[in-house]
Amino acid sequence: QQQVKQSPQSLIVQKGGISIINCAYENTAFDYFPWYQQFPGKGPALLIAIRPDVSEKKEGRFTISFNKSAKQFSLHIMDSQPGDSATYFCAAKAAGNKLTFGGGTRVLVKP
Amino acid sequence: KAGVTQTPRYLIKTRGQQVTLSCSPISGHRSVSWYQQTPGQGLQFLFEYFSETQRNKGNFPGRFSGRQFSNSRSEMNVSTLELGDSALYLCASSLDSTRSNEKLFFGSGTQLSVL
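Residues numbered from 1 in each chain as written. Chains lettered and ligands numbered in written order. Predicted model: local features only at pLDDT ≥ 70, side-chain atom pairs only at ≥ 80, totals over all residues. Heavy atoms only, no water.

### A short note on the packing of aromatic side chains
Residue and element names in this part refer to chain B. In plain terms, the rule: Aromatic contacts are taken between Phe, Tyr and Trp rings whose centres are within 6.5 Å, Trp giving its six-membered ring; a plane angle under 30 degrees counts as stacked, one over 60 as edge-to-face, and the others as tilted. Secondary structure follows DSSP: runs of H or I at least 4 residues long count as helices, runs of E at least 2 residues long count as strands, and numbering of each begins at the N terminus. Classification of residues uses two cut-offs on accessible area relative to the type maximum, computed with a 1.4 Å probe and protein chains only: under 20% is buried, over 50% is exposed, and between them is partly exposed. Whether a charge sits over a ring depends on NZ of Lys or CZ of Arg being within 6 Å of the ring centre and within 35 degrees of the ring normal.
Within the structure shown, the criterion is met by 18 aromatic pairs over all chains. With 5.5 Å between their ring centres and 55° between their planes, Tyr35 and Phe106 make a pair best called tilted. Of the two residues, Tyr35 sits in strand β4 (residues 31–38) while Phe106 sits in strand β10 (residues 105–106), which places them 71 residues apart along the sequence. Tyr35 gets classed as buried once you look at its relative accessible area, which sits at 0%. Each ring, one from Phe60 and one from Phe64, has its centre 5.2 Å from the other, and the planes form 65°; the classification is edge-to-face. Exposure class is identical for Phe60 and Phe64. Each is buried. Above the face of the Tyr10 ring, Arg9 is positioned so that its terminal group lies 5.2 Å from the ring centre.

Set out below in C-alpha cells:
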C-alpha cells in the first residue's frame, strides 16, 4: 500500500522556470515531511523539511507548501538551474526513522 | 566529519547465494536504518537499529536481516538471493530516532546485482 503518492513522475523545465512537485499522504500519524534530492550514483540528500503545524517553509530557492486538511504538500523550485536536474522524493514519517517515500520525480532543467 | 560509508559499492552474486553489506554511520550517530531502492518499488524501509537493538522492521521476508555493533556500525544480510533482490541498498544514520523530525543522512549505497 503506497501511503505517499507523488506526481508528476517526470518534468522538464527551462532554466529560470519553476518546478512544482506534489505529494499526498494518507496516514494522519505522519508529522514530519522531508524532501530528498538524489543524483545518479548517490544516495538521497535531505533538501528541506516541514512539520504540519507550518503551512510554508522556504530555504533559498526551495519552498514547501503544506495543506494539512487536504493531506497534501508540495515542493517548489524557483529559478530552476541545470544543476537542479535530479530525482526528487517526498517522504513522511512519524516517530522513529521509518521514512515512507513517494515514487519520485525526475526533473530535467534545460539550459 | 565523514559521511555515511557503505561497502562494497558494487556486488554481483548468483541466485541462492548470500550477501553481507556494511554501513559505517556518521561519527556520533547511534541510529542506522536500511532501505532498498528499485526502479519498480522505489525506496522501501527494511529495518532500523539503535544501540544494537532492532527498533523497527519493514515488510520484507526473513531472508533479510541485520545487526548493529557496539560502535554503531551495521551490517545487513540477505540469504538465498533471488533475482528480485537486485537493488541499491541504502544505509542512513541519525543521532537518534525518538523524534519525528530527526534528520537522516544517507550513504551512496551498495548496488547489488543478482544473476
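### Considerations on the pattern of salt bridges
Worth spelling out the cut-off: For this document, the term salt bridge refers to a Lys or Arg side-chain nitrogen within 4 Å of an Asp or Glu carboxyl oxygen.
For the structure on display, the rule yields eight salt bridges over all chains. A salt bridge links Glu59 of chain A to Lys57 of chain A, with the nearest nitrogen and oxygen atoms 3.6 Å apart. Overall, the relative accessible area of 37% leaves Glu59 of chain A in the partly exposed class. The residue Arg67 of chain B makes a salt bridge to Glu75 of chain B at a minimum N-O spacing of 3.3 Å. Three or more residues are tied together by salt bridges with common partners; here these are Arg63, Glu82 and Asp85 of chain B.

### Some words on the sheet that holds strand β8 (residues 74–78) of chain B
Residue and element names in this part refer to chain B. Put simply, the test is: Any two strands with at least two DSSP-identified bridges between them are counted as paired. Note on definitions: angles span 0 to 180 degrees between N-to-C directions of axes, and those axes are lines fitted to C-alpha atoms, for helices only across the stretch in contact.
In space, the four strands of this open sheet follow the order β1-β3-β8-β7, with antiparallel pairing throughout. Both outer strands of the open sheet, β1 (5–7) and β7 (64–68), are each paired with one neighbouring strand and no more. Here the strands of the sheet are splayed against their neighbours by 20° on average, with no regard to which way each runs. The pairing of β1 with strand β3 (residues 19–24) spans three bridges and is classified as antiparallel. Residue pairing in the sheet places Gln6 in a bridge with Cys23 of β3.

### Thoughts on the state of the cysteines
Residue and element names in this part refer to chain A. Threshold: Put simply, a disulfide is two cysteine sulfurs that come within 2.5 Å.
On inspection of all chains with the given rule, the structure shows two disulfides over all chains. A sulfur-sulfur distance of 1.9 Å marks the disulfide that ties Cys23 to Cys90. With the S-S bond torsion at -95°, the cross-link from Cys23 to Cys90 turns out left-handed. One end of the pair, Cys23, is in strand β3 (residues 19–25); the other, Cys90, is in strand β9 (residues 86–92), with 67 residues separating them in the sequence. Relative accessible area serves as the criterion here: at 0%, Cys90 is assigned to the buried category.

### Structural notes on the pairing of β8 of chain B
Residue and element names in this part refer to chain B. Counting buried residues in β8 gives five out of five residues, a clear majority hidden from the surface. Two strands pair when backbone bridges link them, and β3 and β8 are joined in this way by five bridges, in the antiparallel orientation. Bridged to Cys23 within β8 is Ser74. Sheet topology places β7 next to β8; five bridges connect them, and they run antiparallel. Residue pairing in the sheet places Gly66 in a bridge with Met76 of β8. Remark: five residues form the turn of the hairpin made by β7 and β8, two consecutive strands paired antiparallel; Ser72 in that turn has positive phi of roughly 75°.

### A short note on the environment of Leu112 of chain B
Residue and element names in this part refer to chain B. Stated precisely, the cut-off is as follows: Contacts are assigned to residue pairs with any non-hydrogen atoms lying within 4.5 Å of each other.
Locating Leu112 in the fold gives a position in strand β11 (residues 110–114). Classification of Leu112 by relative accessible area gives buried; the value is 0%. Remark: the alpha-carbon pair of Leu112 and Leu11, spanning 101 residues in sequence, is separated by 4.8 Å. Those residues within four positions of Leu112 in sequence are excluded, and the remaining contacts are Leu11, Lys13, Val19, Leu81, Asp85, Ser86, Ala87 and Tyr89.

### Things to note about the sheet that holds strand β7 (residues 62–67) of chain A
Residues and elements named next belong to chain A. Taken in spatial order, the five strands of this open sheet run β1-β3-β8-β7-β6, and their pairing is antiparallel. With one partner strand each, in any of the chains shown, β1 (4–7) and β6 (56–59) form the two edges of the open sheet. On average, each strand axis in the sheet is tilted by 15° relative to the strand beside it, whichever way the strands run. Pairing analysis gives four bridges linking β6 to β7, with the strands arranged antiparallel. Looking across to β7, one finds that Lys58 is bridged to Thr63.

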